[in-house]
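Report on the structure
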Amino acid sequence: MATRLRPSSKRCAVIGGSGFLGRHLVERLMDRGYTVNVFDIRQAYELPGVTFHQGDLCDRQALLLALKEVSVVFHCASPAPASDDRALFQRVNIDGTRTVIQACHEAGVQKLILTSSASVVFEGTDIKNGREDLPYAKKPIDYYTETKIQQEKLVLEACSKDQGFLTVAIRPHGIFGPRDPQLVPILVDTARRGKMKFIIGDGSNLVDFTFVENVVHGHILAAEHLKADSPLCGQAYHITNDEPVRFWDFMSQILEGLGYSAPRYHLPYTLVYGIALLLWLMAVLLRPLIQIKPTFTPMRVALAGTHHYYSCARAKKDMGYQPLVPLREAIVRTVESYPHLRKGA
Ligand SMILES: NC(=O)C1=CN([C@@H]2O[C@H](COP(=O)(O)OP(=O)(O)OC[C@H]3O[C@@H](n4cnc5c(N)ncnc54)[C@H](O)[C@@H]3O)[C@@H](O)[C@H]2O)C=CC1
Ligand SMILES: CC(C)CCC[C@@H](C)[C@H]1CC[C@H]2C3=C(CC[C@]12C)[C@@]1(C)CCC(=O)C[C@@H]1CC3
């Protein structure tokens, strides 16, 4: 008779482990003595001791192979927000997350840690020191965010102490750091095309940007503190650098660090938002004929021109969270990690 091995508490799977956050998480888990399975639609690297399972998370059978004898699952897979593909977001973030939960049940997984997003409460207007009890956005800024809300609800509602299946959601904001395919590359591309000359609004809006290693730290703390008698069960936690910064100061520091000029001229927020909305509408209408990808989407303009920073007091209290890397050091390390994006490189 086949015996089912008891999952070890240090055997985990990272769904989306080939991605920016996922790979940093895998590396840190390995340092901490975990055995790691990566599940992803692509294999982006090789690491001794890490077992790769290539597959789509909507495929339950493929997932089950990666979850065998695993006790902790980190789910940090998602289509990129910029893909702007409604059907894909629905399929992966909502239907796929249902499949992940089902596969966890079948494989006897004990803990599921979801990477959600602080944007689940953001509607394009100011949020200052927002706490986790803010209501979900009724009008999310884009379809990516809409599906992140549904995804978070699914995971938190699946938490069941009776069934021995515990869940928690981590809500990071503005993740950056080495190997990020999004923030720094988009910023540099915009600068190289001569479009980073303007500050949207008066430039005083404060935003959280969170160094990837701090986000990883929050995920591992959550996994290790998630127990049936802990307050973490079925809850969401903001994980930030706890150092809100002016959006345009942050962008300027990255740009100047890489040898580009910082934006200097101010444009009214409503004007830029209106233009971005118009361009977005045109792109949607012309989609059957040509593919236009505007740089200044309404979502990016809203993120660039409003306050949105969050309190991580709950994570400090319930899991002893403190950011490991301060913002100043995080920016220096990030800039140094992109020699190929320096001006003139
Ligand atoms: N980057 C950011 O600023 C923020 C990201 N997040 C969340 O953090 C998580 C990780 O994001 P990043 O590392 O930035 O993104 P990423 O795009 O670098 O990584 C996502 C990974 O998911 C994989 N994936 C996508 N669809 C899949 C599928 N159907 N089956 C299996 N794997 C699939 C991709 O291949 C990729 O490796 C996502 O859930 C995202 O929503 C939340 C807040 C901010
Ligand atoms: C062209 C410029 C106005 C802006 C360039 C920087 C942006 C690419 C980034 C600034 C804030 C970032 C951000 C995200 C993606 C990259 C930015 C828009 C997210 C949307 C990623 C996914 C999330 O869950 C929320 C993030 C908020 C901040």
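In short, a report on the structure. Note that this is a predicted model, so its numbers are computed, not measured.

Re the pairing of strand E2 (residues 35-40)
- Where burial is concerned, most of E2 is hidden: five out of the six residues are buried.
- One ladder, built from five bridges, connects E2 with strand E3 (residues 50-54); its direction is parallel. Following the sheet pairing, Asn37 is matched in E3 by Thr51.

A look at the environment of Arg32
- Along the chain, the position of Arg32 falls in the loop between helix H1 (20-31) and E2.
- On a C-alpha basis, the gap between Arg32 and Ile220 in space is 9.6 Å, while along the polypeptide they are 188 residues apart.
- Aside from chain neighbours lying at most four places away, what touches Arg32 is Lys10, Ile220 and Glu224.
- Engagement of the side chain of Arg32 in a polar contact is seen with the side chain of Glu224, the distance being 2.8 Å.

Re unusual backbone geometry
- Its identity is not glycine, yet Glu69 carries a phi of approximately 60°, on the positive side.
- Looking at where Glu69 falls in the secondary structure, it is placed in the loop between helix H2 (60-66) and strand E4 (70-75).
- When its relative accessible area of 25% is taken as the criterion, Glu69 is described as partly exposed.
- A positive phi is found at Asn129, a non-glycine position, where the angle reads about 55°.

Regarding the site of ligand 2
- Lining the immediate surroundings of ligand 2 are 13 residues, of which Ser117, Ser119, Tyr144, His173 and Phe296 lie closest.
- At a separation of 2.7 Å, an oxygen atom of ligand 2 approaches a polar side-chain atom of Ser117.
- Contact distances for ligand 2 include 2.7 Å between an oxygen atom and a side-chain N or O atom of Tyr144.
- Protein chains bury 93% of the 610 Å² of accessible surface belonging to ligand 2 in isolation.
- Taken together, the elements giving at least two residues each to the shell around ligand 2 come down to helix H7 (247-257) and helix H9 (298-305).
- For the shell around ligand 2, the leading source of residues is H9, giving three residues.
- Here the shell around ligand 2 is built from residues that sort into eight nonpolar, four polar and one charged.

About the criteria used
- Residues numbered from 1 in each chain as written.
- Chains lettered and ligands numbered in written order.
- Predicted model: local features only at pLDDT ≥ 70, side-chain atom pairs only at ≥ 80, totals over all residues.
- Heavy atoms only, no water.
- Buried < 20%, exposed > 50% of the residue type's maximum accessible area, 1.4 Å probe, protein only.
- Helix = DSSP H or I, 4+ residues; strand = E, 2+ residues; numbered from the N terminus.
- Pairing = 2+ DSSP bridges.
- Contact = heavy atoms within 4.5 Å.
- Polar contact = N/O pair within 3.5 Å; in protein donor to acceptor, adjacent residues only side chain to side chain.
- Near = heavy atom within 4 Å.
- Areas by Shrake-Rupley, 256 points an atom, 1.4 Å probe, with all protein chains shown as cover.
- Nonpolar A, V, L, I, M, F, W, Y, C, P; charged D, E, K, R; others polar.

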